[in-house]
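Coordinate inspection notes
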Amino acid sequence: LALLGPTAAGKTALALALAEKLPLEIVSLDSALIYRGMDIGTAKPTPAERAAVPHHLIDIINPPQSYSVADFLNDCLRLCREIHARGRLPLIVGGTMMYYHALVNGLNSLPAANPEIRRQLQEQKQQHLYAQLLQADPATAARLKPGDSQRIERALEVWLLTGRPLSQHFAEQPGAAPTLSLRSIALIPAQRERLHRNIEQRFHAMLEQGFLEEVRQLQAQYPELNPDYPAVRCVGYRQAWAHLQGETDRNTFIAQGIDAARQLAKRQLTWLRKLPADLVIDPFSGSLRRAYAGE
């Protein structure tokens, strides 16, 4: 069973409520919760919540380390087998939709990340990577924003490693066979304004809980970290990092952090509306509709 939804839509609360009725273990579908020491800014389940229900794929790597979609897929499939062997039900919960896409569609045969190519691309970042992508792969460039450095670098990496644009790979290669047979619940609010209020309230609560101090501790503990690391690219952390470096004042930082979370929710909802979810729930009104044929 998969429980999907945008940030601040109430996924954790619903998962814990389900665990009161069913013998569940929760498998995180969240690319931010994997990092140790990043608790407040990721709205990580509390120690009490994690003690009440077994949680997996939380706090598994340090922020400087890397973790790919393939890593998640392997770990998730292994955990699902282990949870079933214990006579319990895996509940996959989160909003990292590239992870979910891999679960239901499998991985394509694109080349793995190459550290040397990545290093070269990092060095060239100020030399107009987006312009390079426009020349190498205009179809991919057309669907990316010029500031989306992570995806631009990946598209250029594929082109440099294979000599063919990423868009051509996607056009020619069907995905692998589905890896899991999943029933899915999607939390999709009818009124986005309520979600936006939740996001704003959560961000202010994070600040009161010590979010900026958490980022200071990361900077001190991992001096090698910088804004190009995936961990620092997590929503809120990039904005906090810039603020602590003196690049923004507090009000600008708060506005940027809230806006980044809203943009994340917008992207997640775009994914969710395209999914053939079995059950769609408005998390704020409680209304639901079945979307699975025959149910």
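Right above here is the structure, for reference.
What comes next is a walk through the structure.

What counts and how
The numbering scheme is per chain: residues are counted from 1 as the chain's sequence reads. Under the rules for a predicted model, residues below a pLDDT of 70 receive no local features and side-chain atom pairs below 80 are neither given nor counted, while totals for whole chains, interfaces and linings still include all residues. Computation of side-chain values: all heavy atoms of the structure, hydrogens and water removed. Only DSSP runs of H or I reaching four residues or more are called helices, and only runs of E reaching two or more are called strands; each is numbered from the N terminus. Buried, partly exposed and exposed residues are distinguished by accessible area as a fraction of the type maximum, computed with a 1.4 Å probe on protein chains only: under 20%, between the cut-offs, and over 50%, respectively. Two residues qualify as a contact provided that any one of their heavy atoms is within 4.5 Å of a heavy atom in the partner residue. Note on areas: these come from Shrake-Rupley sampling with a 1.4 Å probe, and a residue is covered only by the protein chains present in the view. Here, expected helix span is obtained from the residue count minus one, scaled by 1.5 Å. Contacts described as polar in this section are N or O atom pairs within 3.5 Å, which, within protein, must combine one atom able to donate a hydrogen with one able to accept it, while residues neighboring in sequence count only if both atoms come from side chains. DSSP bridges decide pairing: two strands pair if at least two such bridges lie between them. Note on method: axes are straight lines fitted to C-alpha atoms, helices fitted across the in-contact stretch only, with angles between N-to-C directions ranging 0 to 180 degrees. Every angle not falling under 35 degrees, over 145, or within 65 to 115 is termed oblique; those three ranges are roughly parallel, roughly antiparallel and roughly perpendicular. Note on convention: the crossing is left-handed when the near helix lies turned anticlockwise from the far helix by less than a right angle, right-handed when the turn is clockwise. Nonpolar residues are Ala, Val, Leu, Ile, Met, Phe, Trp, Tyr, Cys and Pro. Charged residues are Asp, Glu, Lys and Arg, and all others, Gly as well, are polar.

The helix and strand tally for the protein stands at 14 helices and 7 strands. Per-residue burial over the protein gives 44% buried out of 295 residues. Taking the contacts inside the protein whose residues are at least 6 apart along the sequence as the reference set, 75% of them involve residues at least 24 apart. Total accessible area computed for the protein in this model is approximately 15300 Å², and 51% of it derives from carbon and sulfur atoms.

Moving on, we get to helix α14 (residues 250-274). If you check α14, its first and last C-alpha atoms are 37 Å apart, about what 25 residues at 1.5 Å a residue would give, namely 36 Å. Within α14, the full set of buried residues consists of F253, I254, G257, I258, A260, A261, A265, Q268, L269 and L272. Packing partners of the buried residues in α14 comprise β1 (2-4), α4 (97-105), β5 (184-187), α10 (192-209), α11 (211-221) and α13 (237-244). Between the side-chain oxygen at the start of α14 and the backbone nitrogen of N251 there is a gap of 3.3 Å, and the oxygen is on D249.

The next subject is the pairing of strand β2 (residues 24-29). With 6 of its 6 residues buried, β2 lies for the most part within the structure. Here 2 bridges tie β2 to strand β3 (residues 55-56), and the two strands are oriented parallel to one another. When the bridges of β3 are listed, I26 appears paired with H55.

Where α10 meets α14, the axes come as close as 10 Å, and the angle between the chain directions of the two elements is 135 degrees. Classified by the angle between their axes, α10 and α14 sit oblique to one another. Viewed along their axes, α10 and α14 form a crossing whose handedness is right-handed. Residue-level inspection shows R192, L195, H196, I199, E200, F203, H204 and L207 of α10 in contact with α14, the latter providing R250, F253, I254, G257, I258, A261, R262, A265, K266, L269 and R273. Among the residues forming the contact of α10 with α14, the class breakdown is 10 nonpolar, 3 polar and 6 charged.

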